Amino acid sequence: MTSKPVVAIVCDTSKSGPHIYHSVGDKYIQALRRCADVTPVLIPSLDVPVPAEEIFSFADGLLATGGYSNIQRHYYGDAPAPEGENEDPHRDKNTLPLIRQAIAMGIPMLGICRGLQELNVTMGGTLYPRLHEIDGRFDHREDKDAPVDVQYGPAHSVSVREGGLLHTITGADEFMVNTVHGQGIRDLAPGLVVEALADDDTIEAVSIENAKAFALAVQWHPEWKAWENDQSTRIFRAFGDAVRAHSKSRVGK
Ligand SMILES: N[C@@H](CCC(=O)NCCCC(=O)O)C(=O)O
């Protein structure tokens, strides 16, 4: 039986009683299995991060997932968030350098929601901490009281950059996406290219200029029932193909 290539997913951390737990949302794992056809491997977000070289000695891709926590603001030069903001310092400490190292090593990567924000921040960009407070911007947050199918259902359209990576993958100029985020890209990092915009000019997808390998990040959630949506299926299949190509190139070494 031929083994499937591995995609590393860095965990979120949470506390239950005195104990720290590491976790990844099931929908990301399901989309990787069913649409990218790869083997997901969860990487703990430790106080001393697992080195990139160790992870990428067996993983041929990196998925930076969404997460309810916000990136600590000092990573993009802002003053600390107000007391009580949902943050995950361990996730930041593990994912931000790992994304940078994956890019440098030519490891295929896909970022989703928080993962897009992490890519932008780790490459030197900044965020709007509260996008909905910015004049002219929509409120991109989900209605937490709505059923989950509504929270992750189509919410607004995105306009796709003609001839870009996302356009090549989806074949679409415009399509509907869900929206489950309160933060958004403010200053685009050097070396990132806009792949899609919302009507309020919020950056909804980016790629890396002259990337060594597949590198795409989106602000929406294509992992949500990815197999039921054409653009989502195409995104995960393209990511899986890039991971398989990287795996094959490694076998030859
Ligand atoms: N906290 C950030 C990122 C939002 C995000 O990733 N939302 C998804 C949460 C749960 C999930 O579907 O994994 C922001 O608010 O912008």
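Residues numbered from 1 in each chain as written. Predicted model: local features only at pLDDT ≥ 70, side-chain atom pairs only at ≥ 80, totals over all residues. Heavy atoms only, no water.

1. Overview of the side chain of Ser-247
Using the following cut-off: Put simply, DSSP H or I for four residues or longer makes a helix, DSSP E for two residues or longer makes a strand, and each gets a number counted from the N terminus. Contacts were defined at the residue level, with two residues in contact if any of their heavy atoms lie within 4.5 Å.
Mapped onto the secondary structure, Ser-247 falls in helix H7 (residues 230-251). Non-local contacts of Ser-247, meaning those with residues more than four positions away in its chain, are made with Pro-5 and Asp-60.

2. As for the site of the ligand
The cut-off we apply is this: One heavy atom suffices: a residue is near a molecule or strand as soon as one of its heavy atoms comes within 4 Å of it. Side-chain atoms alone can form a polar contact between residues adjacent in sequence; in general such a contact is a pair of N or O atoms within 3.5 Å, and within protein one must be able to donate a hydrogen while the other accepts it. Here the open area of atoms and residues is found with the Shrake-Rupley method and a 1.4 Å probe, where only the protein chains shown may cover a residue. Polar here means any residue outside two lists: the nonpolar Ala, Val, Leu, Ile, Met, Phe, Trp, Tyr, Cys and Pro, and the charged Asp, Glu, Lys and Arg; Gly therefore counts as polar.
Inspection of the region around the ligand gives 16 residues, with Lys-27, Tyr-28, Gly-67, Asn-70 and Tyr-152 positioned closest. Take Lys-27: an N or O atom from its side chain is 2.6 Å from an oxygen atom of the ligand. Backbone polar atom of Val-180 to a nitrogen atom of the ligand: 2.9 Å apart, as the coordinates give it. For the ligand, whose unbound accessible area comes to 420 Å², protein coverage reaches 92%. Every element with two or more residues in the shell around the ligand is listed here: helix H1 (26-36) and helix H4 (114-122). Within the shell around the ligand, the residues separate by chemical class into 5 nonpolar, 9 polar and 2 charged.

3. Remarks on the nonpolar core
What counts is decided by this rule: Residues enter a nonpolar core if they are buried and are Ala, Val, Leu, Ile, Met, Phe, Trp, Tyr or Cys, with the set joined through side-chain atoms within 4.5 Å. We call a residue buried when its accessible area falls under 20% of the maximum for its residue type, exposed when it is over 50%, and partly exposed in between, using a 1.4 Å probe and counting protein chains only.
One finds Leu-32, Leu-166, Trp-220 and Phe-236 to be the most contacted residues of the largest nonpolar core, which totals 34 residues. Per element, the largest residue contribution to this core is 6 residues, and it comes from H7. Beyond its immediate sequence surroundings of up to four residues, Leu-32 is in contact with Val-7, Ile-9, Asp-37, Val-38, Pro-40, Leu-63, Phe-236 and Phe-239. The next biggest cluster of nonpolar side chains, apart from the first, holds 30 residues, and it includes Ile-55, Ala-59, Leu-96 and Ala-217.

4. Considerations on the packing of helix H3 (residues 89-105) against H4
For any two helices packed against each other, the geometry is given by the interaxial angle and the distance between the axes. Note the following rule: Axis geometry follows a simple rule: fit a line to the C-alpha atoms, using only the stretch in contact for helices, then measure angles between N-to-C directions, giving values from 0 to 180 degrees. The cut-offs work like this: below 35 degrees is roughly parallel, past 145 is roughly antiparallel, 65 to 115 is roughly perpendicular, and the gaps in between are oblique. In this scheme the crossing of two helices becomes right-handed for a clockwise turn of the near helix relative to the far one and left-handed for an anticlockwise turn of less than a right angle.
Running from N to C, H3 and H4 cross one another at 70°; their axes reach a closest spacing of 9 Å. Of the possible angle classes, the one that applies to H3 and H4 is roughly perpendicular. Crossing hand, H3 versus H4: right-handed. Here H3 contributes Arg-91, Asp-92, Thr-95, Leu-96, Pro-97, Ile-99, Arg-100 and Ile-103 to the contact with H4, which in turn contributes Arg-114, Gly-115, Glu-118, Leu-119 and Thr-122. Residue classes in the contact of H3 with H4 are distributed as 5 nonpolar, 3 polar and 5 charged.

5. Observations regarding the environment of Ile-20
Residue placement: Ile-20 occurs in strand E3 (residues 19-23). Excluding residues that lie within four positions of it along the chain, Ile-20 makes contacts with Thr-13, Ser-14 and Lys-15.

6. Focus on the pairing of strand E6 (residues 109-112)
The test is simple: Between any two strands, at least two bridges found by DSSP are needed for them to pair. When the strands point away from the viewer, a crossover counts as right-handed if the path from the first strand over the helix to the second runs clockwise.
Here E6 shows a buried face lined by Met-109 and Gly-111 and a second buried face lined by Leu-110 and Ile-112. Alignment of strand E5 (residues 61-64) against E6, held across 3 bridges, turns out to be parallel. Within E6, the position partnered with Leu-62 by the bridge is Met-109. One crossover worth recording links E5 to the parallel E6 by way of H3, and it is right-handed. Relative to strand E13 (residues 215-218), E6 runs parallel, the two sharing 4 bridges. Bridge pairing in E13 links Gly-111 to Ala-217.

7. What about the packing of aromatic side chains?
Here is the rule we go by: Pairing of aromatic side chains requires ring centres within 6.5 Å, counting the rings of Phe and Tyr and the six-membered ring of Trp. Pairs whose planes differ by under 30 degrees are stacked, by over 60 edge-to-face, and all others tilted.
If you walk through the whole model with that rule in mind, you get 3 aromatic pairs. Aromatic side chains Phe-214 and Phe-239 sit 5.8 Å apart centroid to centroid with 40° between the ring planes, which places their arrangement in the tilted category. Pair noted here: Phe-214 is in the loop between strand E12 (203-208) and E13 and Phe-239 is in helix H7, with a separation of 25 residues, a long-range link. Given the relative accessible area of 13%, Phe-214 is considered buried.

8. Focus: the pairing of E12
When you tally the buried positions in E12, you get 6 out of 6 residues, the bulk of the element. With 5 bridges joining them, strand E11 (residues 192-198) and E12 adopt antiparallel strand pairing. The residue bridging Leu-197 from the neighbouring strand is Ile-203, located in E12. Connecting E11 to the antiparallel partner E12 that follows it, the hairpin turn spans 4 residues, and Asp-201 within it adopts a positive phi of roughly 70°. Inspection of the sheet shows E12 paired to E13 by 3 bridges, in the antiparallel sense.

9. Re the side chain of Asn-70
Summarising the element assignment, Asn-70 is placed in the loop between E5 and H3. Residue Asn-70 is classed as buried on the basis of its relative accessible area, which comes to 17%. Residues in contact with Asn-70, not counting those within four places in the same chain, are Glu-85, Asn-86, Glu-87, Asp-88, Asp-92, Arg-114 and Gln-183.

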